[in-house]
Structures are given as C-alpha cells and as structure tokens.
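Summary of the model geometry
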Amino acid sequence: MIVAVAIGGFAFAGLCGLYRLVRGPSLADRMIAVEVVLVSLAGALAVDAANRQSETFLVTLIVIALVGLAGTFAASRFLERDVGAAGHRGRQ
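Because the structure is predicted, anything quoted here is derived from the model rather than measured.

**Quick word on the confidence of the model for the chain**
Taken as a whole, the chain shows an average pLDDT of 88; of its residues, 90% reach a score of 70 or greater. Across the chain, the element-wise mean pLDDT spans from 84 in helix H3 (residues 58-87) up to 96 in helix H1 (residues 2-23).

**Considerations on a nonpolar patch on the surface**
A cluster of nonpolar residues, Ile62, Leu66, Leu69 and Phe73, forms a patch on the protein surface that exposes about 420 Å² of accessible area. Here Leu66 is to be found in helix H3.

**Some thoughts on the nonpolar core**
Listed in full, the 5 residues of the largest apolar core are Leu38, Ala42, Leu45, Leu61 and Ile64. Taken together, the elements giving at least two residues each to this core come down to helix H2 (27-52) and H3. Looking at this core element by element, the count peaks at 3 residues for H2. Ignoring any residue separated from it by four or fewer positions in sequence, one finds Leu38 in contact with Ile64 and Gly68.

Cut-off values and rules
Numbering of residues starts from 1 in every chain and runs along the sequence as written. For a predicted model such as this one, the threshold for reporting local features is a pLDDT of at least 70, and the threshold for listing and counting side-chain atom pairs is 80 or more; totals across whole chains, interfaces and linings nevertheless cover every residue. Note that water and hydrogens are dropped before the side-chain values are worked out from all heavy atoms of the structure. Known as pLDDT, the predictor's per-residue confidence is scaled from 0 to 100. Segments assigned H or I by DSSP are reported as helices when at least four residues long, segments assigned E as strands when at least two residues long, and all are numbered from the N terminus. Each patch is built from residues that are more than 30% exposed by relative accessible area and take part in no salt bridge. Like charges join if they lie within 9 Å; nonpolar side chains (Val, Leu, Ile, Met, Phe, Trp, Tyr) join within 5 Å. Reported accessibility uses the Shrake-Rupley method at a 1.4 Å probe radius. Residues are deemed covered only where the shown protein chains occlude them. The working definition used for a salt bridge is a side-chain nitrogen of Lys or Arg within 4 Å of a carboxyl oxygen of Asp or Glu. By nonpolar core is meant a set of buried Ala, Val, Leu, Ile, Met, Phe, Trp, Tyr and Cys residues that side-chain atoms within 4.5 Å join together. Throughout this description, buried means an accessible area under 20% of the type-specific maximum (1.4 Å probe, protein chains only), exposed means over 50%, and partly exposed covers the range between. Contact definition: two residues touch when any of their heavy atoms are within 4.5 Å.

Structure (structure tokens):
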C-alpha cells in the first residue's frame, strides 16, 4: 500500500516536471524540470528496488544520478557564460 502511494507521488512529481519542461519559459526552468524528472524517476526506482529487495536497479540509479549531475553542471556553466558575456559587453 505505502509503495503504491510513494510511486504515485513520484509519478505525479515527474508529470509536474514534464509539464514545466514543455511549458517553461526559460532555459533555467527547463533545467530544473529535467532535474525534477530525473530525481522522481530515481526515487520511484529506489522504492521499487526496496520493495522487491533487489539490487538490480542500483546501477541504473547511479547512472541516472550521474547524468542528472553532469547535465546540471553543463547547463549551469552555459547559463553562467551567457550571463557573464551579456554583463561585460558595455564595460570595454
């Protein structure tokens, strides 16, 4: 029962993230939405793995975490570079 509620909550959070990913007006909104979707997916997989008492999905969880981390770092560097370039144009 509690597993179904937890997976349902993660599914709802993932759908909210997908909505923001499609609808988000800025790149920062979309970046956060992708992170929400990945965290929701990882949480649902972790709950399912704990319920089944299986270690099968642990590698998948690690890959999801690394992809989310690398994507967040890359997007934040991209956003920082764009803001930095726009801020230094008038100061030459």
